[in-house]
Amino acid sequence: MMSFLSALPGAAAQGIIWGLMAIGVYITFRVLDFADLTVDGTLGTGGAVLALCVTSGMNVYLAMVLAFFAGCVAGLATGIFHTGFGIPPILSGILTQLALYSINLRILGGKANQTVSSRNYHLVVSLGNIPKSLVVGLIFAVAVIAVLYWFFGTELGHSIRATGCNMAMSRANGINTNVNVIIGLVLSNGIVALSGALLAQYQGFADVNMGRGAIVIGLAAVIIGEVIFGKLFKNFALKLFASIIGGVIYYFVITFVLRLGLNANDLKLFSALVVALFLGIPYWRGKVSAKRVKRTGGEQNA
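Cut-offs and rules
- Residues numbered from 1 in each chain as written.
- Predicted model: local features only at pLDDT ≥ 70, side-chain atom pairs only at ≥ 80, totals over all residues.
- Heavy atoms only, no water.
- Helix = DSSP H or I, 4+ residues; strand = E, 2+ residues; numbered from the N terminus.
- Rg over C-alpha atoms; globule rule 2.2 N^0.38 Å.
- Salt bridge = Lys/Arg side-chain N within 4 Å of Asp/Glu carboxyl O.
- Phe/Tyr/Trp six-rings, centres within 6.5 Å; stacked < 30°, edge-to-face > 60°.
- Buried < 20%, exposed > 50% of the residue type's maximum accessible area, 1.4 Å probe, protein only.
- Lys NZ or Arg CZ within 6 Å of the ring centre and 35° of its normal.
- Axes fitted to C-alpha atoms, helices over the stretch in contact; angles between N-to-C directions.
- Parallel < 35°, antiparallel > 145°, perpendicular 65-115°, else oblique.
- Left-handed = near helix turned anticlockwise from the far one by under 90°.
- Contact = heavy atoms within 4.5 Å.
- Nonpolar A, V, L, I, M, F, W, Y, C, P; charged D, E, K, R; others polar.
- 1 Å grid on protein atoms, 1.4 Å probe; cavity = no way out; pocket = protein on both sides within 12 Å on 5 of 7 lines; lining within 4 Å.
- Points joined across faces, edges and corners; volume = space filled by probe spheres on them.
- pLDDT = per-residue confidence, 0-100.
- Core = buried A, V, L, I, M, F, W, Y, C linked by side-chain atoms within 4.5 Å.
- Arc of directions from axis to C-beta.

Assigned secondary structure in the chain consists of 11 helices and two strands. Its helices and strands taken in sequence order, the chain reads α-α-α-α-β-α-α-α-α-β-α-α-α from the N to the C terminus. Computed over the C-alpha atoms, the radius of gyration of the chain is 20 Å, within 12% of the 19 Å expected from 2.2 N^0.38 for a compact globule of 302 residues. The dimensions of the chain, computed from C-alpha atoms along their principal axes, are 75 × 55 × 35 Å.

Let us look at the pattern of salt bridges. Considering all chains together, one arrives at one salt bridge under this definition. Ionic pairing is found between Arg30 and Glu226, a salt bridge with its closest N-O pair at 2.7 Å. Residue Arg30 is located in helix 1 (residues 2–31), and its partner Glu226 is located in helix 9 (residues 214–229); the two are separated by 196 residues in the primary sequence.

On to the packing of aromatic side chains, then. Between two aromatic rings, the relevant description is the distance of the centres plus the angle of the planes. Under the definition given, this model contains eight aromatic pairs. Each ring, one from Phe229 and one from Phe233, has its centre 5.0 Å from the other, and the planes form 10°; the classification is stacked. On the accessibility criterion, Phe233 (17% relative accessible area) is buried. Joined through ring pairs, the aromatic side chains of Tyr26, Phe151, Phe152 and Phe236 make up one cluster. The aromatic ring of Phe236 is capped on one face by Arg161, whose charged end is 4.5 Å from the ring centroid.

Where helix 5 (residues 130–151) contacts helix 10 (residues 236–259), the axes come no closer than 9 Å and their chain directions differ by 150°. Here helix 10 runs roughly antiparallel to helix 5, going by the angle between their axes. Our pair here, helix 5 against helix 10, has a crossing hand that is right-handed. Across the interface between the two elements, Ala141, Ile145, Leu148 and Tyr149 from helix 5 touch Phe236, Ala237, Leu240, Phe241 and Ile244 from helix 10. In the contact of helix 5 with helix 10, the residues fall into nine nonpolar, no polar and no charged.

Moving on to the layout of surface pockets. For the largest pocket, the calculated volume is near 480 Å³. What lines the largest pocket is a set of 22 residues, and nearest its centre among them are Gln14, Trp18, Gln203, Tyr251 and Leu267. If you list the elements that add at least two residues to the lining of the largest pocket, you get helix 1, helix 8 (177–203), strand 2 (205–207), helix 10 and helix 11 (267–301). When grouped by side-chain class, the residues that make up the lining of the largest pocket number 14 nonpolar, five polar and three charged.

Turning next to the confidence of the model for the chain. A residue-level look at the chain finds 97% of positions with pLDDT of 70 or above and a mean pLDDT of 91. Between the elements of the chain, mean pLDDT differs from a low of 77, seen in helix 11, to a high of 97, seen in helix 3 (residues 60–85).

Turning our attention to the nonpolar core. Residues Ile23, Leu50, Leu148 and Phe152 are the most contacted members of the largest nonpolar core, which totals 78 residues. Elements that contribute at least two residues to this core include exactly helix 1, helix 2 (39–55), helix 3, helix 5, helix 8, helix 9, helix 10 and helix 11. At 14 residues, the largest contribution of residues to this core is made by helix 1. Beyond its immediate sequence surroundings of up to four residues, Leu50 is in contact with Val60, Ala63, Met64, Val116, Ala197, Ala200 and Gln201.

Next up on the list: helix 6 (residues 155–165). Buried within helix 6 are the following residues: Gly157, Ser159, Ile160, Thr163 and Gly164. Seen end-on, helix 6 carries its buried residues on one side only, within an arc spanning 160°. Exposed and facing more than 90 degrees away from the buried side of helix 6 are Glu155 and Cys165.

As structure tokens, this is what we get:
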């Protein structure tokens, strides 16, 4: 138990970083209703760009800005595949994700990974300074949520949300849904790449496979946040913050299970089961509520 408690600050810091990535997933999954798998590649792109820039002597903050824009370009590619070529959302994301593997390798100089040590470079977060990583992670999370809350309150933001709610009705009202889908994908993948840049700093290296399975973790954070805080958090900003909390809870659970002796090789399997469980909870709740309403109606008729 003491070992588990001592590991919680590190799990919280990592959960906040992945929660930031989950906000990007939330934009496509909930706001746009677009099943985007680009994030598995974009996370690695953000880490790779950060590693390349920092090891080349660039300021770490400027490196994170470039990582963000690299993610935006990846999202733009997915959006063009979908809107310009008529490719379905899932396949569009897979195509971009596949291309990003080769691109990430090139960014990393043909190497599978690149070390970015806090001993050699000035980094904003690192595994060696968890309290600082917690504070910086929260600052980034609050800043991103504040910007998104403002943006989705604008006319353009409302039109993007309308596109996700009902695309046919949005078109009927003169909204360019193709442009809105592209903007949403660009914004989403930019945030995911920013998260990848923070993750590369935190773990001390960028890896070409660091984004593999990221969509599962992102969905887990989003769904956990919705299931636990869905009835309490009605405000859009709070819904985004719930994804951050969901990421932290997810890593608390992972840390606890690993301390119980779960084989690390089974972690992806466990993650998939966690996501499936939380995805099923709203469905089970609906079934139980329907049974109660039916039973109550039957009793009243009797």
